[in-house]
Amino acid sequence: MSQENVINIVVLVSGTVDPVNMDPVLRSVSYPKPSLVPLQDSDAKQKAAQKSESGSKKAKDDDWYWQENARFRDELRALRKQYTNLHIFEAHGWTGDNSVQARTISGAYLANRLCGAEGETAYYSGHLKKKVHFHFIGHSHGGNVINELTRQAAKVWPKQWKIRTITYLSTPFFTRLHQVDTTTFDDDCKIINAFCKYDITQRVIADFSMHPMTGLMKAAGSEEIGCIARCLSKDMGATPKLFKELMTSVNVSFLKEGTSSKAWKTLRDNLKDGVDWDDLRGVGGALVDDMKKVDIRVAHYGLTEARRFYSHVLGLLARLHDIFTKLREAITMLRDGFTYDVHKSVHPSKKMTRKVLLPATAAKFIQELDRLEGGLNKTKAAFTKRLSKDRFPALGLVQDIHVVEFLKPLITFLSVNAKTLRGPLWDLLASVLGEQVDKFDNTSATPVKQLAGKANSKGRAFTVVPVEVTRADHYTQVRAAAQYDAVFNKFVKRLETIEEQLAGKDLRIARQPLMELLFTLVAHLEPVRDLFDFPVDAEYVSWFSTAMKASIAWKKFWGQTSELELELLRLLTVVLDYAVIIKARNTGKLEVDEAQIPVRLKAFYVAKPAVKEVQAAKKPGGEGASVQGACDCGKHAPKAPQQEAGEGDELKPLPGSIPYFAKVAHSTSRETLHDGVKTALKQQLTTLSKSGR
């Protein structure tokens, strides 16, 4: 323990909150709202805030990066109270975008803000001529923001200001980007590196830095498209109930009474003396013609039920049409270009114009949208005509839906070559990713390579203190953890092999390894992995194929077309191609079942059984009314009552799922101030302990 009593300042730097740079509002800040109490405030205020919070609904601050890390905050607060001259700086915030530009600007701004350089007001103006030791703590890309701070601090900081520690919590260390500058390091500076084995964001996903897209996507109508999509999803919730009501309203008495068809009379007479196959040929068509003449009021598809169902489907089609229209407008805007605000350090005018989609990519998108909507337009016209005539033949429903017209372009769009991984959907996705990824730079879980060759004023290398926190991750505490760990090792090895193939490549050209990475991730998503985990020669696959071929032969005999069966066979081929792709990249089951989660952890991942029905039953609408759900914005349907803030904690992704590895395991390092981190940090403090020890 040093006998000095130097001013020691711990600076908290938050990480990325918007991985794809699409949220124009969300920010990443280390300070809470004014109604919540920061770490630096007095114990009395802390207790008052805790009492207030416990007596009401849990306060929610979407921008406060450290809100869910109560143990971490408590540990840091307790550490501050042990020393006479230890302070916590949490007044920093930034966009939280996953872009090189955002991290660079944020780091430089923080360096300037602390000391008052480049026109910023100095936060510590009273300490500019004093000896100050800084201890930076950054989670995720917050560590790269700190690295950018070191580069700016080397230019503008007072000579008396030194960095005594940098604590990296799950920071992805780039090969080329955001390299640390040790100029302002104290000679005894230590680097504390906390990491979790299961963190695939640090190890792989963070390789991709995106172009700034926040204002861009908002201007393209992403919020309205998202709102309409949510409305559509809610509306579709009523579809099964309405369809069931429609089906159960059918009166099948006409089947008992028979029909007036001469073909049926001929068949009945011939069956007495033997089968005349020439007479049989007309029975199929006769049946269809006969069914077309059966009015819904005779067949007893209840008029009320039919009107409601048809109106409901038209409402869904209208929503889809709105989405297609907005998507075309968005694609056109992204192709033509958009001017958006930037920081003055990026461009003196604080404006930049950028074209997001190449004309060829935009044209492909619009072409696919036109094909998909084409089938839906036929359904819309048929349903509208049926409603206007107010006649609903039972067989007419199948014809009105125009399944084939929609299936044909959809199957084509989803098709994929199992060897080349080429297909309309995946080619478009590869093009968009190639155009939107600003930088691809391989990351690692250690800063050792960045510090190689860098030494203090005495020629000695800076000490790196590795703190592995894997044992604190819940994935190590589930049943059969060792078995899951073995599968994870194979999974991450495959990802890192693909990383090496992508290193230094232009993603617009390196399409194959990019698709390999995407399909490897998809192959471990549940239920995708389980859905395609079947042998391509399974008995039921053979049965389905045989059934479709038999139906085609049967229809040919009756002189009818078999477009639906042919498309279903084509769909089967596409499904089998996906099965081959998924199985080749699936290293095993990673996601645990709920039963394998220890009881003490289930509250984090498993929903409690509902005690009572929380949503009151709605009365059905009148005849012809479409049953639509509530809309978040209130523009597309009646606005729903909003859930009260804090009315239930959000469940975390199940351990072993891809979202778990990307988010939860990535945050294990900040769940608390881990012992290894705390010990190393305390050893570096140069202020006196209040206990005298």
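Provided above is the structure to which this section pertains.
None of the values given here were measured: they were computed from a predicted structure. (Residues numbered from 1 in each chain as written. Predicted model: local features only at pLDDT ≥ 70, side-chain atom pairs only at ≥ 80, totals over all residues. Heavy atoms only, no water.)

**Q** Quick question: what am I supposed to make of the overall build of the chain here?
**A** When its secondary structure is counted, the chain shows 27 helices and 14 strands. In the chain, buried positions account for 46% of the 693 residues. Across the chain, every contact between residues at least 6 apart in sequence was considered, and the portion connecting residues at least 24 apart equals 81%. For the chain, the computed accessible surface area is about 35,200 Å², with 56% contributed by carbon and sulfur atoms. (Helix = DSSP H or I, 4+ residues; strand = E, 2+ residues; numbered from the N terminus. Buried < 20%, exposed > 50% of the residue type's maximum accessible area, 1.4 Å probe, protein only. Contact = heavy atoms within 4.5 Å. Areas by Shrake-Rupley, 256 points an atom, 1.4 Å probe, with all protein chains shown as cover.)

**Q** So what exactly am I meant to see when it comes to the pairing of strand β1 (residues 7-13) here?
**A** Burial runs high along β1: seven of the seven residues are buried. Alternating positions in β1 separate into two faces, I7, I9, V11 and V13 on one and N8, V10 and L12 on the other, with burial throughout. In this structure, β1 lies alongside strand β5 (residues 132-139), joined through seven bridges in parallel fashion. Looking at β5, one finds that I7 is bridged to V132. The sheet contact formed by β1 and strand β3 (residues 86-89) spans four bridges and is parallel. Paired with V10 across the bridge in β3 is I88. (Pairing = 2+ DSSP bridges.)

**Q** Honestly, the nonpolar core in this entry has me stumped. Any pointers?
**A** Formed by 79 residues in total, the largest nonpolar core has its most connected members in F491, L502 and F661. Of the residues forming this core, the biggest block, nine residues, is contributed by helix α20 (residues 481-502). Counting 32 residues, the second largest nonpolar core, distinct from the first, contains V13, W94, W157 and V180. (Core = buried A, V, L, I, M, F, W, Y, C linked by side-chain atoms within 4.5 Å.)

**Q** Is there a simple way to think about a nonpolar patch on the surface in this case?
**A** Judged by side-chain polarity, I401, V403 and L564 come together as a nonpolar surface patch covering roughly 190 Å² of accessible area. A relative accessible area of 35% means that I401 is categorised as partly exposed. (Patch = residues over 30% accessible without salt bridge, like charges linked within 9 Å, V, L, I, M, F, W, Y side chains within 5 Å. Salt bridge = Lys/Arg side-chain N within 4 Å of Asp/Glu carboxyl O.)

**Q** Sorry if this is basic, but what is going on with the packing of helix α21 (residues 511-522) against helix α24 (residues 563-585) here?
**A** Helix packing geometry: the angle between the two helix axes and the distance between the axes. Running from N to C, α21 and α24 cross one another at 85°; their axes reach a closest spacing of 8 Å. Relative to α24, the element α21 lies roughly perpendicular. Together, E516, F519, T520 and V522 of α21 and Y578, I581, I582 and R585 of α24 make up the contact between the two elements. Per-class residue counts for the contact of α21 with α24 are five nonpolar, one polar and two charged. (Axes fitted to C-alpha atoms, helices over the stretch in contact; angles between N-to-C directions. Parallel < 35°, antiparallel > 145°, perpendicular 65-115°, else oblique. Nonpolar A, V, L, I, M, F, W, Y, C, P; charged D, E, K, R; others polar.)

**Q** How should I be thinking about the sheet that holds strand β8 (residues 185-195) in this particular structure?
**A** Within a sheet, each strand pairs with its neighbour through backbone hydrogen bonds, oriented either parallel or antiparallel. In spatial order, the strands read β3-β1-β5-β6-β8-β14; together these six strands make up an open sheet with parallel pairing. Each edge of the sheet is formed by a strand with only one pairing partner; in this case those strands are β3 and β14 (463-468). Across the sheet, the axes of successive neighbouring strands diverge by a mean angle of 20°, strand direction being ignored. In this structure, β5 lies alongside strand β6 (residues 161-169), joined through eight bridges in parallel fashion. Across the sheet, the residue bridging to H135 is T165, located in β6. Taken strand by strand, helix α2 (residues 70-81) contacts β1, β3, β5 and β6, and its axis lies near 145° from that of β3.

**Q** Is there a simple way to think about helix α17 (residues 403-414) in this case?
**A** Each α-helix winds once per 3.6 residues, and so residues spaced three or four apart point in a common direction. Helix length check: α17 (12 residues) gives 16 Å between terminal C-alpha atoms against 16 Å at 1.5 Å per residue, within 8%. Inspection of α17 places V404, L407, P409, I411 and F413 among the buried residues, and these make up the whole buried set. In the core, the buried residues of α17 are packed alongside α15 (359-389), α18 (424-436) and α24. (Expected span 1.5 Å × (residues − 1).)

**Q** Quick question: what am I supposed to make of the packing of aromatic side chains here?
**A** The relation between two aromatic rings is expressed through the spacing of the ring centres and the mutual angle of the planes. Overall, the coordinates contain 31 aromatic pairs when judged by the stated rule. When the ring of W157 is compared with that of W161, the centres are 5.4 Å apart and the planes differ by 80°; the resulting orientation is edge-to-face. You can call W157 buried: its relative accessible area is 9%. Aromatic side chains Y168 and F173 sit 4.8 Å apart centroid to centroid with 85° between the ring planes, which places their arrangement in the edge-to-face category. Of the two residues examined, Y168 and F173, each falls in the buried class. (Phe/Tyr/Trp six-rings, centres within 6.5 Å; stacked < 30°, edge-to-face > 60°.)

**Q** Before we go on, may I ask you to explain the environment of E245 in this structure?
**A** Tracing the sequence through the fold places E245 in helix α8 (residues 239-248). Since its relative accessible area comes to 27%, E245 is described here as partly exposed. Taking the C-alpha atoms as reference points, E245 and G302, separated by 57 residues in sequence, lie 8.9 Å from one another. Once residues within four sequence positions are removed from consideration, E245 is found in contact with E305 and R308. Polar contacts involving the side chain of E245 include one to the side chain of K241, which spans 2.7 Å. (Polar contact = N/O pair within 3.5 Å; in protein donor to acceptor, adjacent residues only side chain to side chain.)

**Q** Whenever I open this one, the environment of T304 confuses me. Can you help?
**A** Structurally, T304 is set in helix α14 (residues 303-336). Using a relative accessible area of 30% as the deciding quantity, one classes T304 as partly exposed. Separated by 55 residues in the primary sequence, T304 and S249 place their C-alpha atoms 9.4 Å from one another.

**Q** What exactly am I supposed to notice about the environment of V403 here?
**A** Positionally, V403 belongs in helix α17. A relative accessible area of 33% means that V403 is categorised as partly exposed. A C-alpha to C-alpha distance of 9.7 Å links V403 and E563, two positions 160 residues apart in sequence.

**Q** Sorry if this is basic, but what is going on with the pattern of salt bridges here?
**A** Working definition: two side chains of opposite charge can pair if their charged atoms are close together. According to the stated counting rule, one finds 28 salt bridges in the structure shown. The salt bridge involving E563 is made with K408; its shortest N-O contact spans 3.9 Å. Taken together, the residues span a long stretch of sequence, with E563 in helix α24 and K408 in helix α17 at a distance of 155 residues. Under the relative-accessibility criterion, E563 is labelled partly exposed at 43%. Residue E526 pairs with R529 through a salt bridge whose shortest N-O separation is 2.5 Å. Given the relative accessible area of 7%, R529 is considered buried. One network of salt bridges, with partners in common, ties together R164, D186 and D188.

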